[in-house]
Amino acid sequence: TTKSDYEEQIEAVQDINSSLLSLKSSLESMDTMDEFLIKTATSSNESIATVTASSDAEEGSHTIVINQLAKNDIEMHNSGYGSTSDVINSSGSTKIFKYTYNSTTVSIDVADGTTLEGLVNLINQDADNPGVKASLINDGSKYYLQIRGLDLGDKYELTIETDATNPLTGFTGGNFTETQDAQNAQIRVDGWPASGWIERESNTISDVIEGLTINLKDTGTVQVDIEKDMDAIKEQVRNFVDQVNNIITTIQGYTKVNSGTNEGSIFTGNSTINMTMENIKSILSSIGVGFDRDNDTYPVLSTIGITTDAQTGSTTYGQLLLDESKLEEALNSNAEAVAEIFSADLVAATNSSDFREYSHINGLTEGGIYDVEYEINASGEIASAKIDGYDASIDNSKHVITSTKGNSKGLAIQIDNLGTGTYSGQIRLKKGKALELIDKLEELTDSYSGPLHIMEDHLNDEIDMIDEQIDNETVRLDTYERNMRDKFARLEALLGYYNNLNTYLTSQINSLPSTSSK
């Protein structure tokens, strides 16, 4: 395996991990019953009020009477000016403009020669401004100074004062008219209160009817209807199927075998990737945690129209298929039961009228089916109790037993039948598929102990080993090159020596006297 192979595998692991995190993020928007059962609210007259509903809103209708809107306080100067640059202080000295807003009194120094526009800037740019805005209103011929509070509600009163010692002439209390008085919004909901009004400082009211935000536009009466948004719920299910299929196709792409060449893909036969796929498929196909096939309307996803394509050779083989008509039929029949298989967050159910869930501890108590046994003595007290086979703690003042061990730890059960005798039954804490998958995805993508992270670390270790081998080989080759260079340098020096010697000897020979034979 080459370094590039490992790098390609790391990119694939990161791609799979990203897909898993995307699914987890999508599931977190539907991991409670209220979030799954999306609500919509309509107003009978949107010119009077508009409304929006959150998942916490209860279905039903409300009549809302709007007596008055919340308003801010507005003061208008009585005198107009022909130009914004008209001087308003020509006294030769600094004067004081003074006002009070929301019980805070502000004094502004207005220098000699200040213009109308200059006063506007002094008010707006004042560091001590408690929340007012000055502006100029032109009626077509003159400019008038307007000062308004920026807050709605009757406590935000604005008053133009008169400085006791050095007032700005023409800009004291008597020179202004209140054109709008600060007031609260007043509404009555479903005839309540019969006398008087519900008051708020804002025209956006979200704390009167749970889960409903009311935007007041005008006075009058509107009817508000809150109901399930079936189209939005179905779109949520479609998104669930699409997100899961994205993971399935992603993993299939990295593990498939080419039927033509019989060659595997990058992760064909990889145990970690196969385990990841099998974990997800197991959750999707199995009965919901804490669900019962006989007592729950929709205990598995297939009962609401979500199945797996098992047709070999199909273009969607292995992916989820959604039967829209079956889903719609299930939603119309029992939308709450559909919500449970997706989003039940330890929703309790019992097969006994003798006891019921009292409470459980989020993050500690786990979903499941638990056996409950208890004994009532002649005094009407709980003498003994077991939950899931473990002895439970007993509170006879509240007639409550609590699990202290096992997966049911933290589950408290209210005992209703206190007649002498021994009783038994089961309590079920239902956990929807969204929460099951979220828990598994958190495990798979954990940045410390998750199998994909461990796999990526292993691949990086392999790359580090290859890099180390490359470094070692580079050092060896560098050393070999250096030695060879030294060797050739010595050889070249030796050859130079012999060349020089040859030249010398040749010269000596040539210098010898010539001889001739007789």
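Everything that follows concerns the structure shown earlier in this document.
Since the structure is predicted, the reported quantities are computational estimates derived from the model, not experimental observations.

Novice: Help me out: how do you make sense of the overall build of the protein chain in this one?
Specialist: Across its full length, the protein chain carries 8 helices and 26 strands. In terms of C-alpha radius of gyration, the protein chain reaches 42 Å, well past the compact-globule figure of 24 Å for 518 residues. With the C-alpha coordinates of the protein chain rotated into their principal frame, the extents come out at 155 × 100 × 50 Å. The 518 residues of the protein chain split such that 38% are buried. In the structure as shown, the protein chain presents an accessible area of about 27500 Å², 44% of it carried by carbon and sulfur atoms.

Novice: What exactly am I supposed to notice about the nonpolar core here?
Specialist: Most often, soluble globular proteins keep nonpolar side chains buried together rather than apart. Formed by 51 residues in total, the largest nonpolar core has its most connected members in Leu 27, Phe 36, Phe 240, Ile 304, Ile 306 and Phe 342. Taken together, the elements giving at least two residues each to this core come down to α1 (3–27), α4 (230–255), α5 (271–285), α6 (324–343), α7 (433–444) and α8 (451–511). In terms of residue count, α6 provides more of this core than any other element does, 9 residues in total. Not counting the four nearest positions on each side in its chain, Phe 240 is found in contact with Leu 27, Leu 284, Leu 301, Ile 306, Leu 320, Phe 342 and Leu 437.

Novice: Explain the packing of α6 against α7 here, please?
Specialist: Any two packed helices are characterised by how steeply their axes cross, that is the angle between the axes, and by the distance between the axes. Packing of α6 against α7 brings their axes to within 4 Å, and their N-to-C directions diverge by 10°. For the element pair α6 / α7, the angle class is roughly parallel. Along the contact surface, α6 presents Ile 341, Phe 342 and Ser 343, while α7 presents Lys 433, Ala 434 and Leu 435. Per-class residue counts for the contact of α6 with α7 are 4 nonpolar, 1 polar and 1 charged.

Novice: It is not clear to me how the sheet that holds strand β1 (residues 39–43) should be interpreted in this structure. Could you clarify?
Specialist: In any sheet, the strands associate via hydrogen bonds between backbone groups, in a parallel or an antiparallel arrangement. If you trace the 5 strands from one edge of the open sheet to the other, you get β1-β15-β3-β11-β12, paired in antiparallel fashion. Edge positions in the open sheet fall to β1 and β12 (198–200), since each of these has one partner strand only. On average, adjacent strands in this sheet sit at an angle of 30° to one another, irrespective of strand direction.

Novice: Even after reading the chapter, I still don't get unusual backbone geometry, so can you show me in this structure?
Specialist: Note on backbone geometry: most residues besides glycine have negative phi, and most peptide bonds are trans. In this model, Trp 192 is joined to Pro 193 through a cis peptide bond whose omega is -5°. Backbone geometry at Asp 190 places phi at a positive 50°, although glycine is not the residue there. On the secondary structure map, Asp 190 appears in the loop between β11 (185–189) and β12. Backbone geometry places Leu 346, a non-glycine residue, at a positive phi of 60°. Relative accessible area serves as the criterion here: at 8%, Leu 346 is assigned to the buried category.

Calculation criteria
- Each chain has its residues counted from 1, running along the sequence as written.
- Totals for whole chains, interfaces and linings use every residue, but because this is a predicted model, local features are given only for residues with pLDDT of at least 70 and side-chain atom pairs only at 80 or more, for both listing and counting.
- Calculation of side-chain values draws on the structure's entire complement of heavy atoms; hydrogens and water are dropped beforehand.
- For helices the rule is a DSSP run of H or I covering at least 4 residues; for strands it is a run of E covering at least 2, with both sets numbered from the N terminus onward.
- Values of the radius of gyration come from C-alpha atoms, whereas the globule rule sets the reference at 2.2 Å times the count of residues to the power 0.38.
- Residue exposure (1.4 Å probe, protein chains only): buried if accessible area is under 20% of the type maximum, exposed if over 50%, otherwise partly exposed.
- Surface accessibility in these figures is a Shrake-Rupley result with a 1.4 Å probe; residues are shielded only by whichever protein chains are displayed.
- Only buried Ala, Val, Leu, Ile, Met, Phe, Trp, Tyr and Cys residues count toward a nonpolar core, and they belong to the same one when joined by side-chain atoms within 4.5 Å.
- Note on contacts: a residue pair qualifies if any of its non-hydrogen atoms lie within 4.5 Å across the two residues.
- Lines fitted to C-alpha atoms define the axes, with helix axes restricted to the stretch in contact, and inter-axis angles between N-to-C directions lie between 0 and 180 degrees.
- Should an angle lie under 35 degrees it is considered roughly parallel, over 145 roughly antiparallel, and from 65 to 115 roughly perpendicular; all remaining angles are considered oblique.
- Gly counts as polar in this scheme, as do all residues outside two lists: the nonpolar Ala, Val, Leu, Ile, Met, Phe, Trp, Tyr, Cys and Pro, and the charged Asp, Glu, Lys and Arg.
- Strands pair, by our definition, only if DSSP identifies at least two bridges between them.

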